[in-house]
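Chain by chain, the residues run as shown.
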Amino acid sequence: MSKDILLGVNIDHVATIREARGVRYPSPADAALLAIESGADNITLHLREDRRHIKERDVTLIQQIINVPLNFEMALSDEIIDFAIEIKPEMCCIVPEKREELTTEGGLDVVGLEAKVKSATKKLVNAGISVSLFIEPDKDQIDAAKRTGADAVEIHTGRYADAETEDETLVEFDKIADAVEYAHEVGLRVDAGHGLHYYNVEPIAQLEHLHTLNIGHSIVAKAVMVGFKNAVSEMKKLIRNA
Ligand code: PXP
């Protein structure tokens, strides 16, 4: 990663593992602290309307213990907007949300929802929260984002990450590169994320004018692998010494 680009670590999927069993571990708060120890520049989490992973208590606990900004991902929902205004994270990122989706699919249609996005943005900005809109790499969406009063956009890198051929990857990469330039030119902070992993992040991290990359799933997946040996040997030792 170029030295100027920050890394936001999304810890949602630590909570996904916990919720798969309905138990108390692993703790997203512990993961947040370990992420910060290892260089995370923000902690990102998404309080989904169905609360499938992160819960309110995770958000409030994490907010109390971290010393880097909290980037709170949220849908355009009155209930969640009220919660955000109550807890005042440093940043909110407004994302589209459908209950049936596996993860956030596609960017927010700021063009189609401009009045609603503008009103939500105003409430959040008035509460002293920096607002980012998660959008596809598209000039019209960037222009609309600027008009809402948001101070940042997060460019959705999902199509780039999901591209199946080299040509398709290049096409999607160019769209992101152009969008980053354009959003920077119109005066927005530009972040990016979704689907970035250890084999596709480098070209994106070379883009000038990108402020932060927010990455989650691949980091949690990697953590399982790099931690597996220790986890097994610790259990083996307990059993052997019992
Ligand atoms: N940025 C936004 C706005 C997201 O919604 C997500 C997924 O929650 C991410 C970044 C991280 O995506 P991934 O888990 O694929 O790295």
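Below is a short write-up of the structure. Residue numbering note: each chain is counted from 1, following its sequence as written. It should be noted that, the model being predicted, local features are given only for residues of pLDDT at least 70 and side-chain atom pairs only at 80 or more, the latter also being counted only at that level, while totals for whole chains, interfaces and linings use all residues. Water and hydrogen atoms play no part in the side-chain values, which are based on all heavy atoms of the structure.

### A word on the overall build of the chain
Every helix listed is a DSSP run of H or I at least four residues long, and every strand listed is a run of E at least two residues long, numbered separately from the N terminus. From N to C terminus, the chain includes 10 helices and 8 strands. Here the radius of gyration uses the C-alpha set of atoms, whereas the globule reference equals 2.2 Å times the residue count to the power 0.38. Relative to the globule expectation of 18 Å for 242 residues, the C-alpha radius of gyration of the chain, 18 Å, shows essentially globular dimensions. Seen through its principal axes, the chain has C-alpha atoms that stretch 65 × 45 × 35 Å. Of all 242 residues assigned to the chain, the portion counted as buried reaches 48%. Partly exposed residues are those whose accessible area sits between 20% and 50% of the maximum for their type, while under 20% is buried and over 50% is exposed, using a 1.4 Å probe and protein chains only.

### With respect to the nonpolar core
As used here, the term nonpolar core means buried Ala, Val, Leu, Ile, Met, Phe, Trp, Tyr and Cys residues forming a set that is joined through side-chain atoms within 4.5 Å. Counting 66 residues, the largest nonpolar core has Ile43, Phe72, Leu133 and Leu213 as the members making the most contacts within it. Take this core: its biggest share by element is 7 residues, from helix H8 (residues 166-185).

### Comments concerning the sheet that holds strand E2 (residues 42-46)
At least two DSSP bridges between two strands are required for those strands to pair. The strand order around the closed barrel formed by 8 strands is E1-E2-E3-E4-E5-E6-E7-E8, and the pairing between neighbours is parallel. Across the sheet, the mean angle separating the axes of adjacent strands is 25° when strand polarity is ignored. Alignment of strand E1 (residues 6-10) against E2, held across 3 bridges, turns out to be parallel. The partner of valine 9 across the bridge, within E2, is isoleucine 43. Should any heavy atoms of two residues lie within 4.5 Å, those residues are counted as being in contact. With axes taken as lines fitted to C-alpha atoms, and helix axes fitted only over the stretch in contact, angles between N-to-C directions fall between 0 and 180 degrees. Sheet contacts for helix H4 (residues 78-87): strand E3 (70-74) and strand E4 (91-94); angle to E3, the most-contacted strand, approximately 165°.

### Quick word on the site of the ligand
Only heavy atoms are used to decide nearness, and a residue is near a molecule or strand if one of them lies within 4 Å of it. Surveying the vicinity of the ligand reveals 13 residues, the closest of which are Glu73, Glu154, Gly195, Gly216 and His217. The definition of a polar contact used here is a pair of N or O atoms within 3.5 Å, where within protein one atom must be able to donate a hydrogen and the other to accept one, and adjacent residues in sequence count solely through side-chain atom pairs. In this structure, an oxygen atom belonging to the ligand sits 3.0 Å away from a side-chain N or O atom of glutamate 73. Note that a nitrogen atom of the ligand is positioned 2.5 Å from one of the side-chain N or O atoms of glutamate 154. The accessible surface values rely on the Shrake-Rupley method and a 1.4 Å probe; as for residues, cover is taken only from the protein chains in view. Surface burial for the ligand is 95%, taken as the share of its 400 Å² of free accessible area covered by protein chains. Counting atoms within 2 Å of the grid points, the majority share of the ligand lands in the second largest pocket. Residue polarity follows a fixed list, in which Ala, Val, Leu, Ile, Met, Phe, Trp, Tyr, Cys and Pro are nonpolar, Asp, Glu, Lys and Arg are charged, and the others, Gly among them, are polar. Each residue belonging to the shell around the ligand can be placed in one class, and the counts come to 3 nonpolar, 7 polar and 3 charged. The pocket and cavity definitions rest on a 1 Å grid over protein atoms only: a 1.4 Å probe that fits but cannot leave marks a cavity, an open set with protein on both sides within 12 Å along at least five of seven lines marks a pocket, and residues lining either have an atom within 4 Å of a point. For this analysis, a molecule is said to be in a pocket or cavity if more than half of its atoms are within 2 Å of the grid points defining it.

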